[in-house]
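Chain by chain, the residues:
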Amino acid sequence: MLLKLEKVSKSFYNPDGTPFTVIDNLDLEIEEGSFNAITGVSGSGKSTLLYLMGALLFPDSGDIYLDGVKLNSLNDSKLSHIRNEEMGFIFQNYNLIDGLSVYDNIILPQLIGDSKKVDFPFELCQRLGLEGKINTKVGLLSGGEKQRVAIIRAMVNNPKIIFADEPTGNLDKKNTQEVIELLHLLTKEYKTSIVMVTHDLDSTQYCHKVYELKDGKAIIKGEKSYDTGNSK
Ligand SMILES: Nc1ncnc2c1ncn2[C@@H]1O[C@H](COP(=O)(O)OP(=O)(O)O)[C@@H](O)[C@H]1O
Ligand SMILES: [Mg+2]
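Here's what I pulled together on the structure shown here. (Residues numbered from 1 in each chain as written. Chains lettered and ligands numbered in written order. Predicted model: local features only at pLDDT ≥ 70, side-chain atom pairs only at ≥ 80, totals over all residues. Heavy atoms only, no water.)

## What to know about the site of ligand 1
Condition: Consider each residue's heavy atoms; a residue with any of them within 4 Å of a molecule or strand counts as near. Here a polar contact is taken to be a pair of N or O atoms separated by no more than 3.5 Å, where protein atoms must pair a possible hydrogen donor with a possible acceptor and residues adjacent in sequence count only if both atoms sit in side chains. For the area figures, the Shrake-Rupley method with a 1.4 Å probe applies, and any residue is considered shielded solely by the protein chains shown. Think of it this way: any DSSP run of H or I at least four residues long counts as a helix, any run of E at least two long counts as a strand, and we number them from the N terminus.
With respect to spatial proximity, the complete set of residues near ligand 1 consists of Phe 12, Phe 20, Val 22, Val 41, Ser 42, Gly 43, Ser 44, Gly 45, Lys 46, Ser 47 and Thr 48. The contact in question runs from an oxygen atom of ligand 1 to an N or O atom on the backbone of Gly 45, over 3.0 Å. One of the side-chain nitrogen or oxygen atoms of Thr 48 is found 2.6 Å away from an oxygen atom of ligand 1. Considered on its own, ligand 1 offers 560 Å² of accessible surface; in the complex 57% of this is hidden by protein. Among the secondary structure elements, those contributing two or more residues to the shell around ligand 1 are strand 2 (19-30) and helix 1 (46-53). Per element, the largest residue contribution to the shell around ligand 1 is three residues, and it comes from helix 1.

## A few points about the pairing of strand 4 (residues 61-66)
Which entries qualify depends on this criterion: Note: two strands are recorded as paired if DSSP finds a minimum of 2 bridges between them.
Judged from the five bridges that link them, strand 1 (residues 3-13) and strand 4 form a sheet pairing that is antiparallel. Pairing of Glu 6 across the sheet is with Asp 63, part of strand 4. Of the strand pairs in this sheet, strand 4 and strand 5 (residues 69-70) are connected by two bridges, and their pairing is antiparallel. Residue pairing across strands places Leu 66 opposite Val 69, the latter belonging to strand 5.

## Comments concerning the sheet that holds strand 2
Strand order in the open sheet formed by four strands is 2-1-4-5, and the pairing between neighbours is antiparallel. On the outer flanks of this sheet lie strand 2 and strand 5, each paired with one strand and no other.

## So, a nonpolar patch on the surface
Defined as follows: Residues enter a patch when their relative accessible area is above 30% and they make no salt bridge; the linking distance is 9 Å between like charges and 5 Å between nonpolar side chains (Val, Leu, Ile, Met, Phe, Trp, Tyr). Salt bridge, as used here: a side-chain nitrogen of Lys or Arg that lies within 4 Å of a carboxyl oxygen of Asp or Glu. A 1.4 Å probe rolled over the protein chains alone gives each residue an accessible area, and that area as a share of the maximum for its type sets the label: buried under 20%, exposed over 50%, partly exposed in between.
Residues Ile 97, Leu 108, Leu 111 and Ile 112 make up a contiguous nonpolar surface patch of roughly 380 Å² in combined accessible area. By the secondary structure assignment, Ile 112 is in the loop between helix 3 (102-111) and helix 4 (122-127). Residue Ile 112 is classed as exposed on the basis of its relative accessible area, which comes to 58%.

## Some words on the packing of helix 5 (residues 143-155) against helix 6 (residues 173-189)
We count it as follows: Lines are fitted to the C-alpha atoms to define the axes, a helix being fitted only along its stretch in contact, and any angle between axes, read from their N-to-C directions, falls within 0 to 180 degrees. Angles below 35 degrees are treated as roughly parallel, those above 145 as roughly antiparallel, those between 65 and 115 as roughly perpendicular, and all remaining angles as oblique. Handedness of a helix crossing follows the sense of rotation of the near helix relative to the far helix, less than a right angle counterclockwise being left-handed and clockwise being right-handed. Every residue pair with non-hydrogen atoms within 4.5 Å of one another is taken to be in contact. Nonpolar residues are Ala, Val, Leu, Ile, Met, Phe, Trp, Tyr, Cys and Pro. Charged residues are Asp, Glu, Lys and Arg, and all others, Gly as well, are polar.
As a packed pair, helix 5 and helix 6 sit with axes 10 Å apart at the nearest point and diverge in direction by 15 degrees. The angle between helix 5 and helix 6 falls in the class roughly parallel. Between helix 5 and helix 6 the crossing geometry is right-handed. Of helix 6, the residues touching helix 5 (which contributes Gly 144, Gln 147, Arg 148, Ile 151 and Met 155) are Asn 175, Glu 178, Val 179, Leu 182, Leu 183 and Leu 186. Per-class residue counts for the contact of helix 5 with helix 6 are six nonpolar, three polar and two charged.

## Things to note about the pattern of salt bridges
Enumeration according to the criterion identifies 15 salt bridges in this entry. One salt bridge connects Lys 4 with Glu 29, and the closest N-O pair in it is separated by 3.6 Å. Of this pair, Lys 4 sits in strand 1 while Glu 29 sits in strand 2, placing them 25 residues apart in sequence. On the basis of relative accessibility, which here comes to 30%, the residue Lys 4 falls in the partly exposed class.

## A word on the side chain of Gln 147
Examined against the element boundaries, Gln 147 turns out to sit in helix 5. Relative accessible area serves as the criterion here: at 0%, Gln 147 is assigned to the buried category. Gln 147 has contacts with Ile 90, Phe 91, Gln 92, Tyr 94, Pro 167, Leu 171 and Val 179, leaving out every residue within four places of it along the chain.

## So, the nonpolar core
Rules: Remark: nonpolar core denotes a set of buried residues (Ala, Val, Leu, Ile, Met, Phe, Trp, Tyr, Cys) joined through side-chain atoms within 4.5 Å.
Counting 37 residues, the largest nonpolar core has Ile 106, Ile 151, Leu 183, Leu 186 and Met 196 as the members making the most contacts within it. If you list the elements that add at least two residues to this core, you get strand 3 (35-39), helix 3, helix 4, helix 5, strand 7 (161-165), helix 6 and strand 8 (193-197). When near neighbours in sequence (up to four residues on either side) are disregarded, Ile 106 contacts Phe 120, Pro 121, Cys 125, Val 149, Ile 152, Arg 153 and Val 156. The next biggest cluster of nonpolar side chains, apart from the first, holds 28 residues, and it includes Ile 23, Leu 28, Ile 30 and Val 197.

## Details of the sheet that holds strand 9 (residues 209-214)
Across the sheet, six strands lie side by side as 6-7-8-3-9-10; this open sheet has mixed pairing. Every other strand in the sheet has two partners, leaving strand 6 (87-91) and strand 10 (217-223) as the edge strands with one partner each. Direction aside, neighbouring strands of the sheet carry axes that sit 20 degrees apart on average. The strands that helix 2 (residues 76-86) touches are strand 6 and strand 7; relative to strand 6, the one it contacts most, it runs at about 75 degrees. Contacts from helix 5 reach strand 6 and strand 7 within the one sheet, and its direction differs from that of strand 6 by about 165 degrees.

Nothing here speaks to function; it is geometry throughout.
Below, the structure is given as structure tokens:
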């Protein structure tokens with residue numbers, strides 16, 4: 001099992017100081033090379049759950065394991081190393097720097113911190129149809145192109161898992177379909193696991209597992225078999 005959540009709980013506080021539970025004793029497992037969706041109404045805790053999985057937030061109780069390593073017991077420097085080397089993040093608003101080129105947006109995060117130097121992913125740019133835009137400033141790209149740049153940036157270290165928070169939330173129907181097909185391709189060809197938050201059920205067509213987050217728990221809504229190419 002690639003990622004495992006055991007009895008994870010997370011509460012936040014109201015302005016008057018009373019706590020409210022967002023994630024409640026939740027168990028969840030993400031298999032290697034699988035494409036997973038988390039759906040649920042606005043405010044149900046989808047982003048919170050994703051950030052817990054990506055160790056951007058810590059649980060109040062319970063444990064989160066990536067490849068058997070307990071994330072919630074690691075120090076900051078170990079965690080940022082794991083986030084950099086083994087995880088990729090994709091957001092609704094792309095989180096790119098408009099004034100910089102596609103090339104710089106993809107390669108810059110690699111120059112920060114202790115990560116190993118990586119080669120620029122020309123092949124992936126070609127596959128995602130961006131080979132002609134590598135020196136273009138990101139601010140000049142369409143939304144669909146921006147999200148493709150963000151996907152390449154998330155893939156640059158060949159992570160084990162990508163977390164995507166409403167990656168198609170700002171895209172039209174055609175670009176949504178393209179981005180979903182690209183994410184599907186990453187799971188198939190690069191064996192990258194994906195956890196995608198979405199409130200658009202059409203976007204879950206390729207997902208192996210679809211969960212609904214409700215009352216702090218993840219309820220399985222749909223399941224498809226798949227072949228990850230290994231016996232795990
Ligand atoms: N840092 C925070 N402090 C206090 N409340 C928060 C914080 N982050 C999220 N919340 C609250 O937790 C609930 C779930 O938020 P979120 O995970 O963003 O939901 P979703 O992504 O499903 O819309 C919401 O009521 C939100 O207002
Ligand atoms: Mg959210």
